[in-house]
Amino acid sequence: MPLLDQLVAAIRAAEIEVVDLTARLEASTPIIQLPPPFGNTVPFGLQEISRYDDRGPAWYWNNIITGEHTGTHFDAPVHWITGRDGADVADVPAASLIAPAVVLDFSEQAARDPDFLLEPEHILAWTADHGPLPDGGWLLYRTGWDARSGSQAEFLNASETGPHTPGVSIECARWLAEEAPVAGLGVETVGTDAGTAHSFDPPFPCHAALLGAGKYGLTQLQNLAALPPTGAVVIAGPLPITGGSGSPARVLALVERS
Ligand code: MN
């Protein structure tokens, strides 16, 4: 049987499960909140054009109002100043949007400490048990934060000192950018950096290092708990917005079930 027929047959027989890693887009979808004087994104919205009425008797359709970095979304290199000469979201090669993924679960640590930071040692301990990170693939960083995505307040977890959400250390960001073979980092939080990363030196090290290295980010992923540590294949579908710094994306994972 041709390979693609085998793939379709395996999906229909539930030998390969399709896991949706995408958050629904709606007005209540959490969005990042930057302090003044920085600009902010608008909430997701639908602007009705017609709904079986005088404006269009047989059809319903909307304009969508969204930021590029809303809900489950893809960060392109050009999103950050370090990647300003890099790829925009339309430049990302289509073949790189289908890639192997590993899932590193630090949800217990993040439950104990919302400011938990991933370190290179954590990843090296994981690779000692599970094998190397996938070349050209994704490191998906599970923190359990998807359980909070129904509430902007719980998701951003901000206090008077700013947001408190798990992320990666400065050293780990550099390591992922320069030494790890992965093409990108996927997270369950609102961005790839920790909530407190505005105060790091340099600030937002994950964005700076990864996007500066031509790597990618995926944020606000859900259902990583349904993926095995190794063996999943991720299909990420950002819109090819010319000049775009990112895009909401449908992100699916294929998982072999025995
Ligand atoms: Mn983003």
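Just so you know, these numbers come straight off a predicted model, no measurement behind them.

Caption draft 1: Seen up close, the overall build of the chain. When helices and strands are counted, the chain shows six helices and 14 strands. Scaling as 2.2 N^0.38, a compact globule of 258 residues should have a C-alpha radius of gyration of about 18 Å, and the chain matches this with 19 Å. With the C-alpha coordinates aligned to their principal axes, the bounding extent of the chain is approximately 60 × 60 × 40 Å. Looking at the chain as a whole, 45% of its 258 residues are labelled buried. Sequence-distant contacts, at least 24 apart, represent 72% of the contacts inside the chain between residues at least 6 apart. A total of about 12900 Å² of accessible surface is found on the chain, and carbon and sulfur atoms cover 57% of it. Here the chain contributes 12 positive and 31 negative side-chain charges, whose respective centroids are spaced 6 Å apart.

Caption draft 2: Structural view of the coordination of the manganese ion. Around the manganese ion, the donor atoms from the protein are His-69 (ND1), His-73 (NE2) and Asp-75 (OD), and they sit 2.1 to 2.3 Å away. All donors of the manganese ion come from a single chain, and their spacing in sequence reads H-x3-H-x1-D. A relative accessible area of 18% means that His-69 is categorised as buried.

Caption draft 3: Local environment of the nonpolar core. Counting 25 residues, the largest nonpolar core has Leu-21, Phe-74, Trp-138, Leu-140, Leu-227, Val-234 and Val-251 as its most contacted members. Sorting the residues of this core by element identifies β5 (98-105), β7 (138-142), β12 (216-219), β13 (232-238) and β14 (246-256) as the ones contributing at least two each. Sequence-distant contacts of Leu-21, that is, excluding residues within four places in its chain, are made with Thr-72, Gln-220, Leu-221, Gln-222, Asn-223, Leu-224, Leu-227, Val-234, Val-251 and Ala-253. Leu-104, Ala-177, Val-182 and Ala-209 belong to the second-largest nonpolar core, a separate cluster that totals 23 residues.

Caption draft 4: Here's a closer look at the packing of helix α5 (residues 170-178) against helix α6 (residues 205-212). Running from N to C, α5 and α6 cross one another at 15°; their axes reach a closest spacing of 8 Å. What the angle tells us is that α5 and α6 run roughly parallel. Both α5 and α6 take part in a crossing whose hand is right-handed. In this structure, α5 uses Ile-170, Ala-173, Arg-174, Leu-176 and Ala-177 to contact α6, whose residues at the interface are Pro-205, Cys-206, Ala-209 and Leu-210. Here the contact of α5 with α6 is built from residues that sort into eight nonpolar, no polar and one charged.

Caption draft 5: Highlighting the packing of aromatic side chains. All chains considered together, the criterion is met by seven aromatic pairs. Centre to centre, the rings of Tyr-52 and Tyr-60 are 6.0 Å apart; their planes meet at 55°, and the pair counts as tilted. Judged by relative accessible area, Tyr-52 falls into the exposed class, the value being 52%. With centroids separated by 6.2 Å and ring planes inclined at 85°, the aromatic side chains of Phe-74 and Trp-138 adopt a geometry described as edge-to-face. On the criterion of sequence distance, the pair formed by Phe-74 in strand β4 (residues 73-75) and Trp-138 in strand β7 is long-range, its members being 64 residues apart. Residue Trp-138 is classed as buried on the basis of its relative accessible area, which comes to 1%. An aromatic cluster of at least three residues, connected via ring pairs, comprises Phe-74, Trp-138 and Tyr-216. If you follow Arg-148 out to its NZ or CZ, it ends over the ring of Trp-145, 3.9 Å from the centre.

Caption draft 6: Just the packing of helix α3 (residues 120-130) against α5, in detail. Their axes nearest at 8 Å, the elements α3 and α5 cross at an angle of 50°. When the interaxial angle is binned, α3 and α5 end up oblique. Together, Pro-120, Glu-121, Ile-123 and Leu-124 of α3 and Glu-171, Cys-172, Trp-175 and Leu-176 of α5 make up the contact between the two elements.

Caption draft 7: Structural detail: α6. With seven of eight residues buried, α6 lies mostly within the body of the structure. Along α6, the residues classified as buried are Pro-205, Cys-206, His-207, Ala-208, Ala-209, Leu-210 and Leu-211. Downstream of α6 by one or two residues, Gly-214 has phi in the positive range, about 80°.

Caption draft 8: Seen up close, a nonpolar patch on the surface. A cluster of nonpolar side chains, contributed by Leu-4, Leu-7, Ile-11 and Val-18, occupies part of the molecular surface with about 320 Å² of accessible area. Per-element tally for the nonpolar patch: the top contributor is helix α1 (residues 3-12), with three residues. Structurally, the position occupied by Leu-7 is in helix α1.

So, how was this worked out
Residues numbered from 1 in each chain as written. Predicted model: local features only at pLDDT ≥ 70, side-chain atom pairs only at ≥ 80, totals over all residues. Heavy atoms only, no water. Helix = DSSP H or I, 4+ residues; strand = E, 2+ residues; numbered from the N terminus. Rg over C-alpha atoms; globule rule 2.2 N^0.38 Å. Buried < 20%, exposed > 50% of the residue type's maximum accessible area, 1.4 Å probe, protein only. Contact = heavy atoms within 4.5 Å. Areas by Shrake-Rupley, 256 points an atom, 1.4 Å probe, with all protein chains shown as cover. Lys, Arg positive; Asp, Glu negative; His and termini not counted. Charge placed at Lys NZ, Arg CZ, Asp CG, Glu CD. Donors = N, O, S within 2.8 Å, 3.2 Å for Na, K, Ca; no water. Core = buried A, V, L, I, M, F, W, Y, C linked by side-chain atoms within 4.5 Å. Axes fitted to C-alpha atoms, helices over the stretch in contact; angles between N-to-C directions. Parallel < 35°, antiparallel > 145°, perpendicular 65-115°, else oblique. Left-handed = near helix turned anticlockwise from the far one by under 90°. Nonpolar A, V, L, I, M, F, W, Y, C, P; charged D, E, K, R; others polar. Phe/Tyr/Trp six-rings, centres within 6.5 Å; stacked < 30°, edge-to-face > 60°. Lys NZ or Arg CZ within 6 Å of the ring centre and 35° of its normal. Patch = residues over 30% accessible without salt bridge, like charges linked within 9 Å, V, L, I, M, F, W, Y side chains within 5 Å. Salt bridge = Lys/Arg side-chain N within 4 Å of Asp/Glu carboxyl O.

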